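Descriptive structure summary
Single-letter residue listing:
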Amino acid sequence: MEIGVYSFGDVQRERADRLGPTSDAIINLLEAIKHADKMGVDFFGVGEHHTEYFPASSPSTIIAAAASITKRIKLGSAVSVLSTDDPVRVFQQFSTANIISGGRVEYIAGRGSSTESFPLFGYDLKDYDELYNEKLDLLLRLNLLDKNEDFSWTGKFRPSIENAKIVPQGDVPLKIWLATGGNPSSSINAGIRGLPIAYAIIGGHLSRFKPVVDLYRAAAYQQGPEGYMPEVSIAVPGFVADDAKDAKDTFWRHWHWTMATLGKVRGFSAPTREHFDYEANGDGALFVGGPDEMVERIVNAHELFGITRIFFQMDVGQMPHDRFLHAIELLGREVKPRVNKRIAELKKNG
Amino acid sequence: MDKPSIGIVGAGRLGTALARGLSGAGYEVAIINSRGVDSLSLQLSILMPGVRAMALPEMTGWADVIILAIPLPRYKEIDPVLLNGKIVIDAMNYWPPVDGKLPEFDAYSGSSSELVARNLPGARVIKTFNSVAYGELEEQALPSGTPNRRAIPLAGDDNEVKNIASMLIDAIGFEPVDLGGLAYGVLFQPDTELFNARLTKSQIINLVHKN
């Protein structure tokens, strides 16, 4: 199983009443990706956001830069808001980055759970579903073109394309995932299309998502392309430190800030510490603890969902950069090998 | 009304959670989305066993209670004639960052449910189920009579309807708190203290009386 990290860029706190510069967040993010590669982490995702606290507005740029300073780690959007972007541009950017990386770049397509990009790029939230489906269709077609094939297309939300060459093309198509926050229709959509799926689970308990993952698999088997093998990953908040209590106390502070800030626009309330503890243990969605606990909970998630990848957002709410880097180290050097060893044991015995 | 039959409009996360909860509590539940009956068969078999899909015109004839669990802008797609005389639970929220701006709702200072009621002549509208996150409906449900259960507020102008809504809230695992007429829905809309707050009945009452 793959173990990964994802980030929206995370500014540092300059003062009690002031956030640090967004430029620092970008530099820190690149450093974190390079570090993750060295520590053996399998995947690093960059999620498109347009705020003064989460400033990674251009995942493809960061991914392309990261591609040139890393050797093994897979890189991808997590997510890119396809709805408010141009699929031709998106394909060009990610195909270019993929070539630079030697085939390590993936694309996780999102509709936009944060909707800042809609007014920013002049799109209407009323078109939320239709925009996404049309653009996803177009992106998938671009991804499957033969080399030097002329491409034509017409649709509703983007000007027509007439006998165009779409370049550059790598040797292998991009791996394209569909991201979802758990609504049933997205799971069905991914299954029918035969796309691997990434569940963003930011709260609650993992078992609550089992039915909708089952729905994805059923849709894939019953209505998906012939022979398509469903593939599931989950993206969750997380944090590792040497000491479990320290991990939980530290992450709580920064997580609380994030949830209080996001909750105002997304319609959930800031969690209490009690609620956080409930979600940060056992079957909860927050993978926060020392290496032992992380290993156990990751293996449980693997058993529950049959996931091929789990990836963690650890830098939130101005998490100090050195703590983030150390968490990456623990993840790659301690947690990952033990998880894979345990999964291999279970497979042998079971 | 012993166990009213429930028709849920909207099969997204909230609609699905309500269908599961009410069906699990022994109610007969039908559900529909904008894509139609046939689009729901897989979702029903895996997420909502025991719940049936029913086209909207048939549902409004069949169901004793209709729950609107769709994005607010989309309620205009429902023919108001279908809801004339029906008990309608408005579980919708006015939520511009998520669903876009609606000038009519921006201009109105009262509860979004009052505007909904105004646009659904003859419907017996009650506001509830809008202020709980869908995931928490399942995770925080507790049996009737459990002390200090999480409470779900309701607001409406019709006492019979309020009794029925209270019964459904109780059955799905939460303590109903009647906050008054439909106008009092303003107390548990987005950006209020009560919205998505995990509170008991007495905590809600204390908060409301304080302000």
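Counting restarts for each chain, with residues numbered from 1 along the sequence as it is written. Naming scheme: in the order in which they are written, chains are lettered from A and ligands are numbered from 1. Under the rules for a predicted model, residues below a pLDDT of 70 receive no local features and side-chain atom pairs below 80 are neither given nor counted, while totals for whole chains, interfaces and linings still include all residues. Heavy atoms throughout the structure, all of them, feed into the side-chain values; hydrogens and water do not.

This part takes up the overall build of chain A. By definition, any uninterrupted DSSP run of H or I lasting at least four residues is a helix, any uninterrupted run of E lasting at least two residues is a strand, and each is numbered from the N terminus. Secondary structure assignment for chain A yields 11 helices and 14 strands. The globule rule used for comparison is 2.2 Å times the number of residues to the exponent 0.38, while the radius of gyration itself is calculated over C-alpha atoms. Over its C-alpha atoms chain A spans a radius of gyration of 20 Å, differing by no more than 12% from the 20 Å that the globule rule assigns to 350 residues. C-alpha extents for chain A along the principal axes are approximately 60 × 55 × 40 Å. In what follows, a contact means two residues having at least one pair of non-hydrogen atoms within 4.5 Å. Of the contacts made within chain A by residues no fewer than 6 positions apart, 72% connect residues no fewer than 24 positions apart. Each accessible area value is a Shrake-Rupley result obtained with a 1.4 Å probe; residue values ignore everything except the protein chains displayed when judging cover. In the form shown here, chain A has an accessible surface area of approximately 14,300 Å², with 52% of it arising from carbon and sulfur atoms.

Quick look at the interface of chain A and chain B now. Opposite the 29 residues of chain A that make contact, chain B presents 27 residues. Both faces combined, the contact of chain A with chain B buries some 2,100 Å², and carbon together with sulfur accounts for 56% of it. The term salt bridge refers to a pairing of a side-chain nitrogen on Lys or Arg with a carboxyl oxygen on Asp or Glu at a separation within 4 Å. Seen at the junction of chain A and chain B, the total is one salt bridge. Between arginine 208 of chain A and glutamate 139 of chain B there is a salt bridge whose closest N-O contact spans 3.1 Å. Broken down by secondary-structure element, the contributors of at least two residues to the side of chain A that touches chain B are helix H6 (184–193), helix H7 (210–223), helix H8 (244–266) and helix H9 (273–279) of chain A. The nonpolar class holds Ala, Val, Leu, Ile, Met, Phe, Trp, Tyr, Cys and Pro. Asp, Glu, Lys and Arg form the charged class, and all remaining residues, Gly among them, are polar. Classifying every residue of the side of chain A that touches chain B by side-chain character gives 12 nonpolar, 12 polar and five charged. The term buried area refers to how much accessible surface (probe radius 1.4 Å) is lost by two components on association, counted for both of them together.

Right, let's talk about the packing of aromatic side chains for a bit. Two rings from Phe, Tyr or Trp (for Trp, the six-membered ring) form a pair when their centres sit within 6.5 Å of each other. Planes less than 30 degrees apart are called stacked, planes more than 60 degrees apart edge-to-face, and all others tilted. Counted under the stated rule, the structure contains 16 aromatic pairs over all chains. Between phenylalanine 287 of chain A and phenylalanine 312 of chain A, the aromatic rings sit 5.5 Å apart at their centres with planes inclined by 50 degrees, giving tilted as the arrangement. You can see phenylalanine 287 of chain A sitting in strand S13 (residues 287–289) and its partner phenylalanine 312 of chain A sitting in strand S14 (residues 309–313), a full 25 residues away along the chain. Assessed through its relative accessible area of 0%, phenylalanine 312 of chain A is described here as buried. Between tyrosine 75 of chain B and phenylalanine 105 of chain B, the ring centres sit 6.3 Å apart and the planes meet at 85 degrees, which makes this aromatic pair edge-to-face. Of the two residues, tyrosine 75 of chain B is situated in the loop between strand S4 (65–68) and strand S5 (87–90) and phenylalanine 105 of chain B in helix H5 (residues 103–107); the sequence distance between them amounts to 30 residues. Within the aromatic cluster, the residues linked to one another by ring pairs are Tyr6, Phe8, Phe43, Tyr53, Phe54, Trp257 and Phe311 of chain A. A ring is scored as having a charge over it whenever the NZ atom of a lysine or the CZ atom of an arginine sits within 6 Å of its centre and within 35 degrees of its normal. Lying across the ring of phenylalanine 287 of chain A, arginine 297 of chain A places its NZ or CZ 4.9 Å from the centre. Positioned above the aromatic ring of phenylalanine 43 of chain A is the side chain of arginine 309 of chain A, whose terminal nitrogen or guanidinium carbon lies 3.9 Å from the ring centre. Buried means the residue's accessible area, taken with a 1.4 Å probe over protein chains only, is under 20% of the maximum for its type, while exposed means over 50%, and partly exposed covers the values in between.

With that settled, consider the packing of helix H1 (residues 22–38) of chain A against helix H11 (residues 321–349) of chain A. How two helices sit against one another is set out by the angle between their axes and by the gap between those axes. All names here are of chain A. Relative to each other, H1 and H11 sit at 20 degrees, their axes nearing to 9 Å. It follows from the interaxial angle that H1 and H11 lie roughly parallel. For the pair H1 and H11, the sense of crossing is right-handed. Contacts between H1 and H11 involve Asn28, Glu31, Ala32, His35, Ala36 and Lys38 on the former and, on the latter, His321, Phe324, Leu325, Ile328, Glu329 and Arg333. Its residues assigned to classes, the contact of H1 with H11 shows five nonpolar, three polar and four charged. Geometry is summarised by axes, namely lines fitted to C-alpha atoms with helices restricted to the contacting stretch, and by angles between N-to-C directions that run from 0 to 180 degrees. Here the word oblique covers every angle except those under 35 degrees (roughly parallel), over 145 (roughly antiparallel) and from 65 to 115 (roughly perpendicular). By convention the crossing between two helices is left-handed if the near helix lies anticlockwise of the far one by an angle smaller than a right angle, and right-handed if it lies clockwise.

Moving on: the pairing of S5 of chain B. Residue and element names in this part refer to chain B. With burial as the criterion, each face of S5 is covered, one bearing Ile87 and Ile89 and the other bearing Val88 and Asp90. In terms of strand pairing, S4 meets S5 through four bridges, oriented parallel. Bridge pairing in S5 links leucine 68 to aspartate 90. The sheet contact formed by S5 and strand S6 (residues 124–127) spans four bridges and is parallel. If you follow valine 88 over to S6, its bridge partner there is valine 125. Pairing between two strands is assigned when DSSP locates at least 2 bridges connecting them.

All right, on to the side chain of glutamine 313 of chain A then. With respect to the helices, strands and loops of the structure, glutamine 313 of chain A is situated in strand S14. Among residues more than four places away in sequence, those in contact with glutamine 313 of chain A are Tyr6, Phe8, Phe54, Val236, Pro237, Gly238 and Phe251 of chain A.

Residue and element names in this part refer to chain B. Looking at the secondary structure, you find serine 45 in helix H2 (residues 41–47). Sequence-wise, serine 45 and proline 103 are 58 residues apart; in three dimensions their C-alpha atoms are separated by 39 Å. Here a polar contact is recorded for every N or O atom pair within 3.5 Å, except that within protein the pair must consist of a potential hydrogen donor and a potential acceptor, and residues adjacent in sequence are included only if both atoms are side-chain atoms. A polar contact of 2.8 Å, which involves the side chain of serine 45, links it to the backbone oxygen of leucine 42.

Time to look at the packing of H6 of chain A against H7 of chain A. Residue and element names in this part refer to chain A. One can describe the packing of H6 onto H7 by two numbers: an axis separation of 7 Å at closest approach and a directional angle of 30 degrees. Here H6 and H7 pass one another in a crossing that is right-handed. The segment H6 lies against H7, with Pro184, Ser187, Ile188, Ala190, Gly191 and Ile192 engaging Val212, Leu215, Tyr216, Ala219, Ala220 and Gln223. In terms of residue class, the contact of H6 with H7 is built from nine nonpolar, three polar and no charged.

Bringing helix H2 (residues 59–69) of chain A into the picture now. All names here are of chain A. Listed in full, the buried residues belonging to H2 are Pro59, Ser60, Ile62, Ile63, Ala66 and Ala67. Down the axis of H2, the smallest arc covering the buried residues is 160 degrees, so these residues share one side. Within H2, the exposed residues directed more than 90 degrees away from the buried face are Thr61 and Ser68. The inward-facing, buried residues of H2 contact H1, strand S4 (43–46), strand S5 (74–77), helix H3 (87–101) and strand S7 (105–110). Working definition: the arc comes from the directions between the helix axis and the C-beta atoms, pointing outward to the latter.

This part is about H3 of chain A. Residues and elements named next belong to chain A. What a helix should span is 1.5 Å times the count of its residues minus one. With 15 residues, H3 should reach 21 Å at 1.5 Å per residue; the first-to-last C-alpha distance of 21 Å fits that figure. Pro87, Val88, Val90, Phe91, Phe94, Ser95, Ala97, Asn98 and Ser101 are the residues of H3 that are buried. Next to the buried residues of H3 lie H2, S5, S7, helix H5 (128–143) and strand S9 (161–165). The backbone nitrogen of valine 88 lies 2.8 Å from a side-chain oxygen of the residue at the head of H3, namely aspartate 86. Taken from the residues just after H3, glycine 102 is the one with a positive phi, measuring 75 degrees.

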